[in-house]
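Structural features, examined
These are the residues of each chain, in order.
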Amino acid sequence: MHCTNSKDGRETGNRKKIVLAYSGGLDTSVAIKWLEDRYDVDVVAVSIDLGQPGDMEANVERARSIGAVSAYAVDAKKEFAEDYIWPALKANALYQGVYPLSTAIARPLIAKILVDVARKEGAQSIAHGCTAKGNDQVRFDVSIGALAPELGIVAPMREWVMTREEEIDYAKENGIPIPVKKASPYSVDENLWGRSCECGVLEDASQEPPEDSRSWTVSPQHAPDMPAYVEIGFEKGVPVSLDGERLDAVELIVRLNELAGSHGVGRIDHVEDRLVGIKSRETYECPAAITLTKAHQSLEGMVLTRDVLSYKKGAEQRYAELAYDGYWFSPLREALDAFMEKTQEFVTGTVRVKLFKGMAEVVGRSSPHSLYNEGLATYAKGDEFDHTSAKGFIYVWGLPLRTAASAYRTDEASGDRGE
Ligand code: ARG
């Protein structure tokens, strides 16, 4: 993690310190001042780059101008890709089978960085800008608790009762710069692994998401009429190249988001079960995540044995739920990671994916460890399968059912009415 820090050298005495996850937006800008006033603390602002748009250095300046005693810009893209995204990909982690958990797996990393800064700064607590209705508050609070149970947690937006208009008034009264860009009708969260979009007209789950809620993907009907093919190289379950060019994790994901997004791949419309008991309509754009998950699953299908594939499926679902539920830093997630890691030992090879009008379709795969044997599979000449073995195998395979059928035979079936 690459990190720059800026202190303004003000002497603030012995006030307690709080570390704030600072996005640069209105809510967390207001929070800097609000925390100082409400809790009489010095605020240390931390802006973390996980691949979302925005200028972290500008955030540092803004935080200081509002009154933060110290402000950090942390580039955590590499750590996010290698230590959070790749493990999730190895587990083919999709919440409820559809959502690649882009927001969910970012939260524990943000929590970890906030805890690191809190320790370095000798802070007593951490603050984040989550509201009381979402999953993110759970993920932050639980992750911070798992890493540093001694730290206090404050979520200003769970405490204050300000409407957006009141926040703007508060900002004006306190000389807090209000972000110039027009407020979006949606609540958006973005990072390398995807973009989530909720609220506004999306709350009517019966209506198609309008185009203005999308930003990473073109509409499939406007996607190019010619497909693109991309060959993804994997080593031990980790994507390492695109079309033969070796790329680091961040570059590979960025390029694939671009390419797959330009073909309309990765749009998701999900009525999702939040941990806090609410069903909510969420939309996502995850071009790279969807393409890589399909490719990875397909390579696994060729390399892993049937029993590992089947057992792993159940573990994958549990893994996705743990990530969703804020249990990233849990003994179970760590144990499942060890299992996933073992399964990836031979998941090496290349997968060819066709990107076309919203679809990412695997059209070819190969691996030095493939269990697919053409000699065994073929119906044509060169068949190596021993046909004489089939009858004996089926005799044994069906034996328990034939045994049960005669043992459980009812009187009626045997024709004996027993009268
Ligand atoms: N529903 C998704 C999740 O729980 C996305 C949440 C997006 N968060 C946000 N603050 N807009 O992971």
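Residues numbered from 1 in each chain as written. Predicted model: local features only at pLDDT ≥ 70, side-chain atom pairs only at ≥ 80, totals over all residues. Heavy atoms only, no water.

Secondary structure assignment for the protein chain yields 14 helices and 15 strands. On the principal axes, the C-alpha backbone points of the protein chain span a range of 90 × 65 × 45 Å. When burial is assessed residue by residue, the protein chain has 48% of its 419 residues classed as buried. A fraction of 74% describes how many contacts in the protein chain between residues 6 or more apart in sequence connect residues 24 or more apart. Taken as a whole, the protein chain presents about 21200 Å² of accessible surface, with 53% of it coming from carbon and sulfur. Of the side-chain charges in the protein chain, 48 are positive and 65 negative, and the distance between the mean point of each set is 1 Å. (Helix = DSSP H or I, 4+ residues; strand = E, 2+ residues; numbered from the N terminus. Buried < 20%, exposed > 50% of the residue type's maximum accessible area, 1.4 Å probe, protein only. Contact = heavy atoms within 4.5 Å. Areas by Shrake-Rupley, 256 points an atom, 1.4 Å probe, with all protein chains shown as cover. Lys, Arg positive; Asp, Glu negative; His and termini not counted. Charge placed at Lys NZ, Arg CZ, Asp CG, Glu CD.)

We now examine the side chain of His270. You can see His270 is positioned in strand β12 (residues 267–273). According to the relative accessible area criterion, His270 is buried, its value standing at 6%. A polar atom in the side chain of His270 sits 3.3 Å from the side chain of Glu272. Once residues within four sequence positions are removed from consideration, His270 is found in contact with Tyr95, Gln96, Val98, Tyr99, Ser280, Arg281, Glu282 and Tyr284. (Polar contact = N/O pair within 3.5 Å; in protein donor to acceptor, adjacent residues only side chain to side chain.)

Of all residues adjacent to the ligand, which total 15 residues, the nearest are Tyr99, Asn135, Asp136, Glu272 and Glu282. For the ligand, a nitrogen atom lies 3.1 Å from a polar atom in the side chain of Tyr284. Relative to its free-state accessible area of 350 Å², the ligand is covered by the protein chains to the extent of 87%. Those elements that provide at least two residues to the shell around the ligand are α4 (102–121), α5 (136–147), β7 (187–191), β8 (194–198) and β13 (279–285). With three residues, α4 is the single largest residue contributor to the shell around the ligand. (Near = heavy atom within 4 Å.)

The next subject is the pairing of β13. In terms of burial, β13 is largely enclosed, as six of its seven residues are buried. Bridging between β8 and β13 involves three bridges; their strand directions are antiparallel. Looking at β13, one finds that Ser196 is bridged to Tyr284. Note: β12 against β13, seven bridges, orientation antiparallel. The residue of β13 that forms the bridge with Asp269 is Thr283. Count of turn residues in the β12/β13 antiparallel hairpin: five residues, of which Gly277 carries a positive phi of about 90°. (Pairing = 2+ DSSP bridges.)

This part covers the state of the cysteines. By definition, a disulfide is the covalent link that joins the sulfur atoms of two cysteine residues. A complete count under the given rule lists zero disulfides for this structure. Unpaired in terms of disulfides, Cys130 finds its nearest cysteine sulfur in Cys199, a separation of 13 Å. Overall, Cys130 belongs to the buried group, its relative accessible area being 10%. (Disulfide = S-S within 2.5 Å.)

What follows covers the sheet that holds β12. Pairing in this open sheet of four strands is antiparallel, and the strands run β7-β8-β13-β12 from one edge to the other. If you trace the sheet from one side to the other, it starts and ends with β7 and β12, each paired once. The average angle at which neighbouring strand axes cross in this sheet is 20°, direction not considered. Sheet strands in contact with α4 are β7 and β8, and its direction is about 70° off that of β7. (Axes fitted to C-alpha atoms, helices over the stretch in contact; angles between N-to-C directions.)

On to the packing of helix α3 (residues 77–90) against helix α8 (residues 249–262). One way to put it is that α3 packs onto α8 with a least axis distance of 8 Å and a crossing angle of 80°. Considered as vectors, α3 and α8 are oriented roughly perpendicular to each other. In this structure, α3 contributes Lys77, Lys78, Ala81, Glu82, Ile85 and Trp86 to the contact, and α8 contributes Ala249, Val250, Leu252 and Ile253. Class assignment of the residues belonging to the contact of α3 with α8 gives a composition of seven nonpolar, no polar and three charged. (Parallel < 35°, antiparallel > 145°, perpendicular 65-115°, else oblique. Nonpolar A, V, L, I, M, F, W, Y, C, P; charged D, E, K, R; others polar.)

Time to look at a negative patch on the surface. Among the surface-exposed residues, Glu165, Glu166, Asp169 and Glu173 lie close enough to one another that they form a single negatively charged patch. With respect to the element layout, Glu166 can be found in helix α7 (residues 164–173). (Patch = residues over 30% accessible without salt bridge, like charges linked within 9 Å, V, L, I, M, F, W, Y side chains within 5 Å. Salt bridge = Lys/Arg side-chain N within 4 Å of Asp/Glu carboxyl O.)

Another point: the pairing of strand β9 (residues 228–235). Strand direction decides the pairing type here: β9 and strand β14 (residues 349–356), joined by seven bridges, are antiparallel. Among the inter-strand pairings, Val230 is bridged to a residue of β14, identified as Val353. Across four bridges, β9 lies against strand β10 (residues 238–242) in antiparallel orientation. Counterpart to Gly233 in the pairing with β10 is Ser241. Hairpin connection between β9 and β10: a loop of two residues separates the two successive antiparallel strands, and Lys236 in this loop has a positive phi of roughly 45°.

With phi around 80°, Cys199 is a residue other than glycine that occupies positive phi space. The residue Cys199 is located in the loop between β8 and β9 in this model. Cys199 sits in the partly exposed class, given a relative accessible area of 26%.

Given a rise of 1.5 Å per residue, 20 residues ought to cover 28 Å, and the 29 Å separating the end C-alpha atoms of α4 matches this to within 8%. Of all 20 residues that make up α4, 16 are buried, and the element is covered over most of its length. The first or second residue beyond α4 is Gly122, which carries a positive phi of 65°. (Expected span 1.5 Å × (residues − 1).)

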